[in-house]
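Below, each chain spelled out in residue letters.
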Amino acid sequence: MDLVQAVVIGLVQGLTEFLPISSTAHVRIIPSLFHWHDPGAAVTAVTQLGTLAAVLLFFRHELLRLLRAGLISVFRYPHRRQWNEALRADVRLSWSIVLGTVPIAVFGLLFKQAIEKDLRSLTVIGTSLIVLAVLLAIAELAARHRRPFERIGFVDTQAIGLAQAMALVPGVSRSGVTITAGLFLGLTRESAARFSFLLSVPAVLASGMFELVDLIETGLAGEGLVHLILATLVAAVTGYASIAFLLRWLQTRSTFVFIVYRIALGSLILGLSAQGLIR
């Protein structure tokens, strides 16, 4: 990436990471439209560290509380009978997030090669955008939107964690598939989105650091590293704004605008790809 490409990739990553429209798809599509080289899955994973920073800052109070609860559960487990109900709830949620990350970690390692190469085809991305849009539309129509964040149970977190593994397919969208799963489970839109963001922390941190180390070991340095850092910083700033926007949007509105956008974009990609206009 050159300087301009780094800024554009960072903007696209940050703006689309938390909206249910797939940041990976956009980071793959935008370079194709401008006839740039595909930055690759590794660059996408590293720039997600910027959006991770946005999550850490936006949800800093909840995350610190959950981290504290997790540490207490390890080092003070023999005294668990002294825990109040609030602490017990935080302990359950902290471990639910950890365990909910297992599926995406396992599938990510098993299918790393396919994710980084074969599945990044525009045909796969366009199809994934449309398929998830249909599932999200069904979820919106079928969901009760009654259960708040405080009523998320262990089974819910594991079901959403399993759904998160589907986000390894470019075009699916991590937030899109986890919000969809949350809606099917009866959560309110805002609760589903909030848990989606918290659940993303371990997976994004692990994949981002893994890919960053791999890129550095394979020779990334100098100007290339500087541009990657710039893209990550831009993604952090725009990602924070994206979180605030989506949570505010879902308090009073549905996800249908994103559903329509996904279908339109997916259809456009498939059409342009079939005609050989993008690749």
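Everything below is about the structure shown above.
For clarity, every value in this text was computed on a predicted model and none was experimentally measured.

Asker: Explain the overall build of the chain to me, and be specific about the residues and the numbers.
Answerer: The helix and strand inventory of the chain stands at 13 helices and 0 strands. Each helix and strand of the chain, ordered N terminal to C terminal, gives the series α-α-α-α-α-α-α-α-α-α-α-α-α. Relative to the 2.2 N^0.38 estimate, which gives 19 Å for 279 residues, the radius of gyration of the chain is 19 Å and therefore close to what a compact globule would have. Dimensions of the chain, computed from the C-alpha atoms along their principal axes, are close to 65 × 45 × 35 Å. Looking at the 279 residues of the chain, the share that counts as buried comes to 51%. Restricting to contacts in the chain with at least 6 residues of sequence separation, those with at least 24 account for 81%. Accessible area of the chain: about 13,400 Å², with a carbon and sulfur share of 68%. Distance from the positive charge centre (23 side chains) to the negative charge centre (16 side chains) of the chain: 11 Å.

Asker: Any details on unusual backbone geometry? Residues and values, ideally.
Answerer: Despite not being glycine, H35 has its phi angle at roughly 60°, a positive value. Residues other than glycine seldom take positive phi values, yet S173 does so here, at roughly 90°. With respect to the helices, strands and loops of the structure, S173 is situated in the loop between α9 (154-164) and α10 (174-184).

Asker: A description of the environment of F59 should follow, citing residues and the corresponding values.
Answerer: Here F59 shows up in the loop between α3 (40-58) and α4 (60-75). Sequence-wise, F59 and I243 are 184 residues apart; in three dimensions their C-alpha atoms are separated by 10.0 Å. When neighbours within four sequence positions are excluded, F59 is seen to be in contact with R194, F197, L198, I243 and L247.

Asker: Would you mind going over the side chain of Q164 in detail, with residue names and values included?
Answerer: Note on placement: Q164 falls in helix α9. Overall, the relative accessible area of 0% leaves Q164 in the buried class. In terms of polar contacts, Q164 uses its side chain to reach the side chain of R174, at 3.4 Å. If we skip the residues at most four places from it in the chain, Q164 touches G100, T101, I104, R174, V177, T178, L199, S200 and A203.

Asker: An account of the nonpolar core is requested, with residue identities and associated values reported.
Answerer: If you look at the biggest cluster of nonpolar residues, it comprises 49 residues, and the most contacted ones within it are F59, I97, F195, F197, L198, I243 and L246. At 10 residues, the largest contribution of residues to this core is made by helix α11 (residues 189-217). Not counting chain neighbours up to four residues away, the residues in contact with F197 comprise F18, V55, F59, I243, L246 and L247.

Asker: An account of the pattern of salt bridges is requested, with residue identities and associated values reported.
Answerer: For the structure on display, the rule yields 9 salt bridges. For D38, the salt bridge goes to R28, with nearest N and O atoms at 3.6 Å. Residue D38 is located in the loop between α2 (23-33) and α3, and its partner R28 is located in helix α2; the two are separated by 10 residues in the primary sequence. Taking relative accessible area as the criterion, D38 reaches 32% and is therefore assigned partly exposed. Of the charged contacts in the structure, one is a salt bridge between D38 and R120, with a shortest N-O distance of 2.8 Å. You can see D38 sitting in the loop between α2 and α3 and its partner R120 sitting in the loop between α7 (112-116) and α8 (122-142), a full 82 residues away along the chain. It is possible to trace a salt-bridge network through shared partners that takes in R28, D38 and R120.

Asker: Before we move on, can you summarise a nonpolar patch on the surface with the specific residues and values?
Answerer: A contiguous nonpolar surface patch, about 860 Å² in accessible area, is contributed by L99, V102, V106, F107, L110, F111, F154, V155 and L162. Ranked by residues supplied to the nonpolar patch, first place goes to helix α6 (residues 102-110) with 4 residues. By the element assignment, L162 lies in helix α9. Assessed through its relative accessible area of 51%, L162 is described here as exposed.

Asker: Before we move on, could you go through the packing of α2 against α8 and cite the residues and values that matter?
Answerer: Where α2 meets α8, the axes come as close as 11 Å, and the angle between the chain directions of the two elements is 130°. Between α2 and α8, the crossing angle belongs to the class labelled oblique. Note that α2 runs across α8; the crossing there is left-handed. Two secondary-structure elements touch here, α2 through A25, R28, I29 and S32 and α8 through L122, I125 and L129. Grouping the amino acids of the contact of α2 with α8 by side-chain chemistry returns 5 nonpolar, 1 polar and 1 charged.

Asker: Go over the packing of aromatic side chains, please, and point to the residues and values.
Answerer: Counted under the stated rule, the structure contains 8 aromatic pairs. In textbook terms, an aromatic cluster arises when at least three aromatic residues are bridged by ring pairs, as seen for F18, F58, F59, F197 and Y240. Its end group placed over the ring of W249, R253 keeps NZ or CZ at 4.6 Å from the ring centre.

Basis of the calculations
Residues numbered from 1 in each chain as written. Predicted model: local features only at pLDDT ≥ 70, side-chain atom pairs only at ≥ 80, totals over all residues. Heavy atoms only, no water. Helix = DSSP H or I, 4+ residues; strand = E, 2+ residues; numbered from the N terminus. Rg over C-alpha atoms; globule rule 2.2 N^0.38 Å. Buried < 20%, exposed > 50% of the residue type's maximum accessible area, 1.4 Å probe, protein only. Contact = heavy atoms within 4.5 Å. Areas by Shrake-Rupley, 256 points an atom, 1.4 Å probe, with all protein chains shown as cover. Lys, Arg positive; Asp, Glu negative; His and termini not counted. Charge placed at Lys NZ, Arg CZ, Asp CG, Glu CD. Polar contact = N/O pair within 3.5 Å; in protein donor to acceptor, adjacent residues only side chain to side chain. Core = buried A, V, L, I, M, F, W, Y, C linked by side-chain atoms within 4.5 Å. Salt bridge = Lys/Arg side-chain N within 4 Å of Asp/Glu carboxyl O. Patch = residues over 30% accessible without salt bridge, like charges linked within 9 Å, V, L, I, M, F, W, Y side chains within 5 Å. Axes fitted to C-alpha atoms, helices over the stretch in contact; angles between N-to-C directions. Parallel < 35°, antiparallel > 145°, perpendicular 65-115°, else oblique. Left-handed = near helix turned anticlockwise from the far one by under 90°. Nonpolar A, V, L, I, M, F, W, Y, C, P; charged D, E, K, R; others polar. Phe/Tyr/Trp six-rings, centres within 6.5 Å; stacked < 30°, edge-to-face > 60°. Lys NZ or Arg CZ within 6 Å of the ring centre and 35° of its normal.

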